[in-house]
Amino acid sequence: MKTKFWIICLSVFFVSCLRNMHDIYTGGEEEDDEKINKDDFFDFTTVRNSQLIIDYGMKVQTAFYLYDEYPMELVGNTWEFKDINPIYAASTDMNGRFFSKVSLPAYLKKVWLVTDNVLVVSPVELEFLSDGLTFNYVDYKAQLSANGHSRAVMGGVSYPDGYDVLGNWNENGVPDYLLPEKLDIPGAFLERCSNLSRSIVVDNRNLLERFPELRTSGSNDMVITKSTGLVATYFDFSSTAWEDMVAYYTYKEGESVDIATIKKTILIPRSSRNAPKSLVGEQIKLKYWNKEQSKYEDEFPQGTHIGWILLGMGFGKEKGVFPRYSNPAYNDNKEQRSVLLSDPELDNCFFMAMEDNVDMRFNDVQFAIMASASSSVEPTPNIPDEVNKGEISYVVKGSLAYEDNWPDKNDYDMNDVVIYYSSTVVKDKSSNALVRTTTTFTPMNDGATYTNGFGFQLDYVGKEHIDLVQVSQEGNVIGKNFEPGIEKPVLILFSDIKPVLKKPVTVVIGFKKYDKVSDMDAYPPYNSFIFVNKRSHEVHLSGYKPTSVADESLRGTGSDLSQDSNGIPMYYIAEDNMPFAINISNSEFRWPSEKVSITTYYPEFKQWRDSFGADYKDWYLHPKE
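Predicted model, so just to flag it, every value in this text is computed and none were measured.

Procedures and definitions
Residues numbered from 1 in each chain as written. Predicted model: local features only at pLDDT ≥ 70, side-chain atom pairs only at ≥ 80, totals over all residues. Heavy atoms only, no water. Helix = DSSP H or I, 4+ residues; strand = E, 2+ residues; numbered from the N terminus. Buried < 20%, exposed > 50% of the residue type's maximum accessible area, 1.4 Å probe, protein only. Lys, Arg positive; Asp, Glu negative; His and termini not counted. Salt bridge = Lys/Arg side-chain N within 4 Å of Asp/Glu carboxyl O. Contact = heavy atoms within 4.5 Å. Pairing = 2+ DSSP bridges. Axes fitted to C-alpha atoms, helices over the stretch in contact; angles between N-to-C directions. Expected span 1.5 Å × (residues − 1).

It is not clear to me how the side chain of Asp-221 should be interpreted in this structure. Could you clarify?
Structurally, the position occupied by Asp-221 is in the loop between helix H5 (207-210) and strand S11 (222-223). At 13 Å, Lys-264 is the nearest oppositely charged side chain to Asp-221, a buried residue that forms no salt bridge. Apart from the residues lying within four places of it in its own chain, the contact partners of Asp-221 are Tyr-249, Tyr-251, Ile-306, Gly-307, Trp-308, Ser-326, Asn-327 and Leu-340.

As structure tokens, this is what we get:
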């Protein structure tokens, strides 16, 4: 959110609560005879502008999302994303870095970071520090690896009968044959894999029904057309709760295959949501079994076919596993259980997705395969071009509560006008520029005898940057223009709350593509206000300026404090250190009964106010029962 006309510095949070409130509001002086300046006033905000620093340590642009709760849940044997929205989303630059101020609910102590990048572990829990949120993926991976090191004890960890191995692995399934020097994965290939992988995880539909072109009439085996080496890369977004393994076998064109006796080699000892996160992004070199010489070799010769096997619940078991083959002929009901997909532009990069149970989403095991030689693998179906991959979005929601007696002293029950809002903020994935906001305002309570209207102003975006305005209610478009005669963009949603109570009003604002408007410049709920009995009698959130049509003669009358001790203008603060309106972030406000002060109904409100927001940030989650 843009810094308001007066702000609170963190450095004064802890000393402000010690100051005499009467002195602050009457221009009195402290013992050191220093004047109280306007930064000492509290704006009653329930959001905080936090510094967010992310560095993924890889030269690829990465979209990421912040959630206010752990975003995944176990459904059957599959980890799925909950039906919740992120509270923030953005993309890094092309070097995998992001640095910006972001607005988040002030009461949050931690968030969960999720990324589209299949080479990055997610979700990751981040705690708020004094200077905000910081995440360095290289340091995070190093910590994971340090915590996961242990002696290779494959002999103590069972694996299915009839399989060979490339080396040992520890009790957590971490192989000792990981490549010490990783190969770079092309950014374009990684982005395509990430788009599809995230789509597979968040979409509950059958993958082959979504993309019929991925159905194959034959096998999904890999065919080598020119001698090449092969490297597999662990991806994140494996969603299975089963303890799966991945194996492979080779054969020549026309060769008869006895799947029960052919030599099969375990490639990935453990693929599971429960597997060590340190494995994400690690690589394994596949080995070709030369049966004539009875040894493994680094390159797969021309004409080799590679079949794949997912061993459902195979890790730690000798028997009782569920094999799923890339060749449907070997599966029950001859079902297709894997898709091997080509990159449409890079002929040596492939994406493998495998299904271990019944939902057929192919989100259980996913990994990349890269060939060392170009044009060395027979093309397979292309990675689908995902819809809306160029946009990212998040949701800002909360409540607005107003007292309509301004500028006179009121009862502070904060129930004269209560409006819930929910806004979907859509950004361009590549530039982080704002594309559009779709905000629904729902009038929830009218506790006033006055006639109260409602609207908002965009303080930091000019009309010249906006190419779409649409206001609708009950499926009908009721407005397409800003209020005339005002320089800044102002929308009036209703002039009387009574007939529209409980009837949502939806506002869509589109922003010009090349103007690169920041989402922080048009952050919901914007500069929202009510107007009482007449259009010029506006009541805004504390610290927000009125529109140009407001009656300025009302300011400084009644209980309104129009300026601080230095004569600097103040906005919508009462002399008794109370607001006339408040934005309740990320929550549906339970308003007090008539004539019951908010300080009575919410016992922690006063302590929150007196600490200038440093304490009891979640006061509105704890009403007096």
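Don't stop here, the text continues.
What should I look at first to understand the sheet that holds strand S31 (residues 527-532) in this one?
In a beta sheet, neighbouring strands are held together by backbone hydrogen bonds and run either parallel or antiparallel to one another. Spatially, S29-S26-S31-S32 is the arrangement adopted by the four strands of the open sheet, whose pairing is antiparallel. Two strands in the sheet have a free side with no partner beyond their single neighbour: strand S29 (490-494) and strand S32 (538-540). Neighbouring strand axes in the sheet, compared pairwise and without regard to direction, differ in orientation by 30 degrees on average. Looking at chain direction, strand S26 (residues 452-457) and S31 are connected through six bridges and run antiparallel. For Gln-457, the partnering residue across the bridge sits in S31 and is Asn-527.

In this structure, what is going on with unusual backbone geometry? I would like to understand it.
In most cases, non-glycine residues show a negative phi, while peptide bonds are predominantly trans. The omega torsion of the bond from Ser-122 to Pro-123 falls at 0 degrees, within 30 degrees of zero and hence cis. For Pro-123, the location among the structural elements is in the loop between strand S7 (110-115) and strand S8 (124-127). That bond from Trp-406 to Pro-407 is cis: its omega, 10 degrees, falls within 30 degrees of zero. Even without being a glycine, Lys-516 presents a positive backbone phi close to 50 degrees. Its place among the elements puts Lys-516 in the loop between strand S30 (505-511) and S31. In this structure, Tyr-526 is a non-glycine residue whose phi angle is positive, near 65 degrees. Mapped onto the elements, Tyr-526 comes out in the loop between S30 and S31.

I'm lost on the environment of Thr-134 in this one. Help?
Structurally, Thr-134 can be placed in strand S9 (residues 133-136). Taking C-alpha positions, Thr-134 is 38 Å from Asp-576, a pair spaced 442 residues apart along the chain. Residues contacting Thr-134, with those up to four places away along its chain left out, are Ile-53 and Leu-126.

I tried to follow the environment of Trp-591 on my own but got confused; where do I start?
Relative to the helices and strands, Trp-591 is located in the loop between strand S33 (581-585) and helix H6 (598-601). Each C-alpha atom, one on Trp-591 and one on Val-425, is 27 Å from the other, the two residues being 166 residues apart in sequence. With residues up to four places along the chain from it excluded, the contact list for Trp-591 reads Met-414, Asn-415, Val-418, Tyr-420, Met-444, Asn-445 and Tyr-601.

Any chance you could explain the pattern of salt bridges here in plain terms?
Pairing of side chains with opposite charge becomes possible as their charged atoms draw close. Under the counting rule described, the total for this entry stands at 27 salt bridges. Close ionic contact of Asp-116 with Arg-198 constitutes a salt bridge, the shortest N to O distance being 3.1 Å. A residue pair is termed long-range when its members are at least 10 positions apart, and Asp-116 in the loop between S7 and S8 and Arg-198 in helix H4 (residues 187-202) qualify at 82 residues. You'll find Asp-116 and Arg-198 in the same group, each marked buried. The salt bridge partner of Arg-535 is Glu-483, with a shortest N-O separation of 2.8 Å.

When you look at H4 in this model, what are you seeing that I'm missing?
Because each turn of an α-helix spans 3.6 residues, side chains separated by three or four positions in sequence point in the same direction. The terminal C-alpha atoms of H4 lie 22 Å apart, and with 16 residues this matches the ideal 22 Å at 1.5 Å per residue to within 8%. Among the 16 residues that make up H4, twelve are buried, leaving the element largely enclosed by the rest of the structure. When we look at burial in H4, the residues that qualify are Phe-189, Leu-190, Arg-192, Cys-193, Ser-194, Asn-195, Leu-196, Ser-197, Arg-198, Ser-199, Ile-200 and Val-201.

Just distances and angles here, no functional claims.
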